[in-house]
Amino acid sequence: MSQIRRVVRSEIRHRGPIPDPATLHGYEGVQSGFAERIMAMAEREQAHRHDMDRQDATHAYKLATRGQFFALTALAIMASLAITLAILGEPVWAAVVGGVDVAAVVGVFITGQRLGAEESPPVGGAAPERAALPSGEPDSGGEGSEGGGGA
């Protein structure tokens, strides 16, 4: 005689810091206040991520501004040197220094535009890495960050 077996598999998947309502209700049944603590943890985690993204954007802006200031200073020094050499009667050296100055500025604008379009990471570069984590793999660097499995 042949036997027929039926295998039933049930799977619940969860993504994110907040469990589904049934699981949340189950946590509340274990100990009063667990659901509220889980919600507070998720709110703190979200506030932390927003703060980190804001800091990333602020630091990137400050770094770019500082770089532009130093570039302008270096350009002014090189131009002053070229003018001084021309006044002192060294037109060849003045042209060399001035040419290097112009070539550097043009080179930065050309390569800077190319890198900006192809290779530069977005402001707040950490955020895409967090979003790219597979479901169920915890984010490094904090307790209670994204988890999976509805545990």
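Every residue gets a number counted from 1 within its own chain, in the order that chain's sequence is written. The predicted nature of this model means local features are confined to residues of pLDDT at least 70 and side-chain atom pairs, given and counted, to a pLDDT of 80 or more, with totals for whole chains, interfaces and linings taken over all residues. To obtain the side-chain values, all non-hydrogen atoms of the structure were included, while hydrogens and water were left out.

1. Section: helix H2 (residues 34–87)
With 54 residues, H2 extends 79 Å between its outermost C-alpha atoms, agreeing within 8% with the 80 Å of an ideal straight helix rising 1.5 Å per residue. Working definition: with a 1.4 Å probe on protein chains only, accessible area under 20% of the residue-type maximum means buried, over 50% means exposed, and in between means partly exposed. Only DSSP runs of H or I with at least four residues qualify as helices, and only runs of E with at least two residues qualify as strands; both kinds are numbered from the N terminus onward. Turning to H2, its buried residues are Ala35, Ile38, Met41, Ala42, Glu45, Arg49, Ala82 and Leu85. Following H2 by one or two positions, Gly89 has its phi on the positive side, about 90°. Take the number of residues in a helix, subtract one, and multiply by 1.5 Å to get its expected span.

2. Concerning the packing of helix H1 (residues 21–30) against H2
Direction vectors running N to C along H1 and H2 enclose 125°, while the axes themselves pass 7 Å from each other. By the angle between their axes, H1 is oblique relative to H2. Residues Leu24, Tyr27, Glu28 and Val30 of H1 lie in contact with H2, whose contacting residues are Phe34, Ala35, Glu36, Ile38 and Met39. Considered class by class, the residues forming the contact of H1 with H2 number seven nonpolar, no polar and two charged. Whenever a helix is involved, its axis is fitted only over the stretch in contact; in every case the axis is a line through C-alpha atoms, and angles between N-to-C directions fall within 0 to 180 degrees. Should an angle lie under 35 degrees it is considered roughly parallel, over 145 roughly antiparallel, and from 65 to 115 roughly perpendicular; all remaining angles are considered oblique. Two residues qualify as a contact provided that any one of their heavy atoms is within 4.5 Å of a heavy atom in the partner residue. Under the grouping applied here, Gly and all other residues not named as nonpolar or charged are polar, the nonpolar ones being Ala, Val, Leu, Ile, Met, Phe, Trp, Tyr, Cys and Pro and the charged ones Asp, Glu, Lys and Arg.

3. A short note on the pattern of salt bridges
Put simply, a salt bridge is a Lys or Arg side-chain nitrogen that is within 4 Å of an Asp or Glu carboxyl oxygen. By the definition in use, this model includes four salt bridges. With a closest N to O distance of 2.6 Å, Arg13 and Glu11 form a salt bridge. Residue Glu11 is classed as partly exposed on the basis of its relative accessible area, which comes to 43%. In this structure, the salt-bridge partner of Arg49 is Glu45, at a minimum N-O distance of 3.0 Å. With Arg49 and Glu45 both in helix H2 and four residues apart, this pair spans about one turn of that helix. With respect to burial, Arg49 and Glu45 carry one shared label: buried. Through salt bridges with shared partners, one network takes in Arg9, Glu11 and Arg13.

4. Details of the environment of Thr58
Along the chain, Thr58 turns up in helix H2. What qualifies as a polar contact is a pair of N or O atoms within 3.5 Å, subject to a donor-acceptor requirement within protein and to the restriction that residues adjacent in sequence count only when both atoms come from side chains. Only 2.9 Å separates the side chain of Thr58 from the backbone oxygen of Arg54, close enough to count as a polar contact.

5. With respect to a nonpolar patch on the surface
Here the term patch refers to residues with relative accessible area over 30% and no salt bridge, with like charges joined within 9 Å and nonpolar side chains (Val, Leu, Ile, Met, Phe, Trp, Tyr) within 5 Å. Where accessible areas are quoted, they stem from the Shrake-Rupley method and a 1.4 Å probe; at the residue level, only the protein chains shown are allowed to cover. On the surface, Val92, Trp93, Val96 and Val100 cluster together to form a nonpolar patch covering roughly 400 Å² of accessible area. Looking at the element boundaries, Trp93 is found in helix H3 (residues 91–118).

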